[in-house]
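Each chain, written out:
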Amino acid sequence: MEQKLIVSPSPHVHSGDTIPKNMYAVLIALIPAFLVAIYTFRLDALLITALSVLFCVGFEYLIVRFVMKKEPSILDGSAIITGVLLAFNVPSGLPLWILALGALFAIGVVKLSFGGLGNNIFNPAIAGRIFLLISFPAQMTSWPATAMAVETTDAVSSATVLALLKQAPDTLPALQQMFLGLEPGSLGEMSAAALLLGLIYMLWKKVITWHIPLTILATVALFTGILYLIDPLPQYNPLIHLFSGGLMLGAIFMATDYVTSPLTKKGMIIYGVGIGFVTVAIRLWGAYPEGISFAILLMNAFTPLINTYTTPKRFGEAVKHG
Amino acid sequence: MLKSFRIGGIHPKENKLSAGMAIQPISVPAQVVIPLSQHIGAPCQPVVKKGDKVKVGTLIGKSVGFVSAQIHSSVSGTVLKIDKAMDASGYKRDAVFIKVEEDEWEEQIDRSGQLISDCSLTPKEILEKIAAAGIVGMGGATFPTHVKLTPPPGMKAEVLIINGVECEPYLTSDHQLMMEKSEEILVGITLVMKALNVQRAIIGIENNKKDAVALFTKKVKAFPGIEVQALKVQYPQGGEKQLIDALTGRQVASGALPISVGAVVQNVGTLFAIYEAVQKNKPLVERVVTVTGKEVERPCNLRTRIGTPLTTLIDAAGGLPESTGKVISGGPMMGKALASVDVPVTKGTSGILVVPTLEAKRKAMKDCIRCGKCVQVCPMGLNPTLLMNLTEYEVWDRAEKNAITDCIECGSCSYTCPADRPLLDYIRLGKSKVNGIIRARKN
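Here is a short report on the structure shown in this document. Residue positions are given per chain, counted from 1 along the sequence in the order it is written. Chain letters and ligand numbers both follow the written order, the letters beginning at A and the numbers at 1. For this predicted model, a pLDDT threshold of at least 70 governs which residues receive local features, and a threshold of 80 or more governs which side-chain atom pairs are given and counted, while totals over whole chains, interfaces and linings are taken from all residues.

### Some details on helix α5 (residues 210-219) of chain B
All names here are of chain B.
- Three exposure classes are used, all based on how many other C-beta atoms lie within 10 Å of a residue's own C-beta (placed from the backbone): buried at 20 or more, exposed at 12 or fewer, and partly exposed between those limits. By the criteria applied, helices consist of DSSP H or I runs no shorter than four residues and strands consist of E runs no shorter than two, each listed in order from the N terminus. Where α5 is concerned, the buried positions are A212, V213 and F216. Angular distribution of buried residues about the axis of α5 spans 100 degrees; they occupy a single face of the element. Opposite the buried face of α5, at more than 90 degrees from it, the exposed residues are K210 and K218.
- The contact criterion used here is simple: two residues whose C-beta atoms, placed from the backbone, lie within 7 Å are in contact. Looking at the buried residues of α5, the elements they touch are β9 (159-164), α3 (173-180), α4 (182-196), β10 (200-206) and β11 (226-231). What the arc measures is the spread of directions leading from the helix axis to the C-beta atoms.

Structure, rendered in structure tokens:
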């Protein structure tokens, strides 16, 4: 027998974990929020999400194929996630050409011009949303009424909780409404309950660790909580802050993007605290009602620096004798 | 809760196919090839020449230098030649070729199965017998045992740690040895405790070997000072630093030896060899080898003479399957892939793992997605993806600062990486570069 044997260095086994497995787990975790979006905005939610995914995947394929002249790997799932998250970050009535522009910016400029998955500095969906918010402020902040409101009151548009906080804090809806996601907002950000379900799924599947989402939420709760203790105004109410706007969506799905968040646990905590802090600062004292996307974008920029200055806890570093 | 080490770790599929298979002696082959370098340290000088008659236990290689271990003939017969032969590392090294005739043993060797528990030797005499028998760490590291049992001046051992973890998937040789030779191992422990002058010994066994935990828990009652501790099934539980952490809560600092926290670690296979050397005058000429693999006909645990060709062992397990793509000496996490199965069993051969072609090939690597999973699983608390990049770009000063030399090469990072990046390949390369730079600086 003279069989040729394969020689390679150890280890000789692999966990079987792949990039697509992680990406599809994130997509599964997004399903509850998607169902709530369909329930609240009916066909609009389906249309926006489907087209956003189509735009993102399509642009990725075309650019990688014909501009970068490489073999596209659209099935790794990352462009699908960008598509879903971009859709979840816009109002359900957004004109489709604006959505396409956002997808082109997210995929073409933010992701692929840096070299594609793994090499981008900023989260594509977040950067896409901010690009649209700055370029089309009117369209990006006109919130169609929810399907339930249309049925009962014939309303066509409404204000978000965070906008109300800035303008008319006396007319806020009940907390329970916010938690379940029955209040207006971007497509997928509305139901804290659905998003938390996604978080639990991702933690269970070990796709992400608790460090980033929980530090963001804890920082927001603590920061607003202290202000609320000093002066109990509704705009300081930590529960309203936790359950309104894009905080949950951002903290659970956008800030935890592998590529643009720190590697070490220490780094993740610094990053999470930073996002929580900036979010509250913008919400309370900035020009925009919502600050989570800006906060994530800003901390994305700090990620390489955080990675440089945080090291994991080394074995034997804190020698304990027991 | 089961004890474990505190940083990182993974849980690969255990695949202990040969668990519970009684240790079978296999017949002595017609010819053995005994390499003169089977340990970490200086190779031995041959003390036999072509035509010499040898018996089982005759010294054939004399150790030179402190870190080295004697080598004995594992068969009786005639020395054919001393020549280069390929060993498991893939390199050709000096080896003694012996043609087997009969099975005669040196007279002083006690071949009876009688357990001898009492020992009136002094610690120094015990160490001398261990050195004379050529015993090395049999978990695979092959560090000369008498050296490990001689603490550097000013250092004192406080506790003996016995590694019965066998955290590598597939391997079962230590497990089976524990089941069949528990008393011999326990006597071996008392001998080492005496040699080191320690009053306490802890046997760590992974909890996937519940029968061994139960057996030793029962048996240690007759041995004062020896404890048994079941450990969580988590790789690399058998790593020296990890095992000490799990059992004593003490962490050996970067670059330090276990003795710095008062610990000395010995593998169960080594303790059995120590028992045989000290109580039975038997040098290290045999060992237990697991032969296993998903497509291997009869996964088994074999007692074999050192120098037996691996092919003989593989044939005893049913032969090399058609589907074979890779043959590994050792376990799947840290074992070496062999270029050829035409190599001999050595003191460090704990297992032979036959891997089908489908599982033997690596997948193409993708760009790092910075998921940080390698950082989470590294049991040394390193940042593997950073160390890989630093090696790729040859930034040696930063690699050193980020403790690349702490890497124990357990492979947890490469195992985990969803982008199939060969993290450990690069880190190994970088580690050897940085170690070279450190040595050059000292000179």
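Let's pick the thread back up.
### Let's talk about the interface of chain B and chain A
- If you look at the interface, chain B gives 54 residues, while chain A gives 37 residues.
- Only β15 (324-329), α13 (412-416) and α14 (423-442) of chain B provide two or more residues apiece to the side of chain B that touches chain A.
- Per element, the largest residue contribution to the side of chain B that touches chain A is five residues, and it comes from β15 of chain B.

### Digging into the sheet that holds strand β17 (residues 351-356) of chain B
All names here are of chain B.
- Two strands are counted as paired when DSSP detects at least two bridges linking them. Here six strands make up an open sheet; going across it, the order is β1-β14-β13-β17-β15-β16 and the pairing mixed. If you trace the sheet from one side to the other, it starts and ends with β1 (23-25) and β16 (336-337), each paired once.
- The angle between two axes is taken between their N-to-C directions and runs from 0 to 180 degrees, where each axis is a line fitted to C-alpha atoms and a helix contributes only its stretch in contact. Each of β1, β13 (286-292), β14 (300-305) and β17 is contacted by α3, which is oriented at about 125 degrees to β13, the strand it contacts most.

### Some points on the packing of helix α1 (residues 123-132) of chain B against α4 of chain B
Residue and element names in this part refer to chain B.
- Where α1 meets α4, the axes come as close as 8 Å, and the angle between the chain directions of the two elements is 120 degrees. If you check the angle between α1 and α4, you find them oblique. When the axes of α1 and α4 are compared, the crossing they make is left-handed. Contact with α1, carried on its side by P123, I126 and L127, involves L191, K194 and A195 of α4 and no other residues of that element. Working definition: roughly parallel below 35 degrees, roughly antiparallel above 145 degrees, roughly perpendicular at 65 to 115 degrees, and oblique for all remaining angles. Helix crossings get a hand from a simple test, with the near helix turned counterclockwise from the far one by less than a right angle marking a left-handed crossing and a clockwise turn marking a right-handed one.

### Examining unusual backbone geometry
- Going from S10 of chain A to P11 of chain A, the amide bond is cis rather than trans, its omega being 0 degrees.
- Summarising the element assignment, P11 of chain A is placed in the segment before α1 (19-41).
- A cis amide bond, omega -5 degrees, links Y235 of chain B with the succeeding residue P236 of chain B.
- Non-glycine residue K69 of chain A carries a positive phi angle of around 55 degrees.

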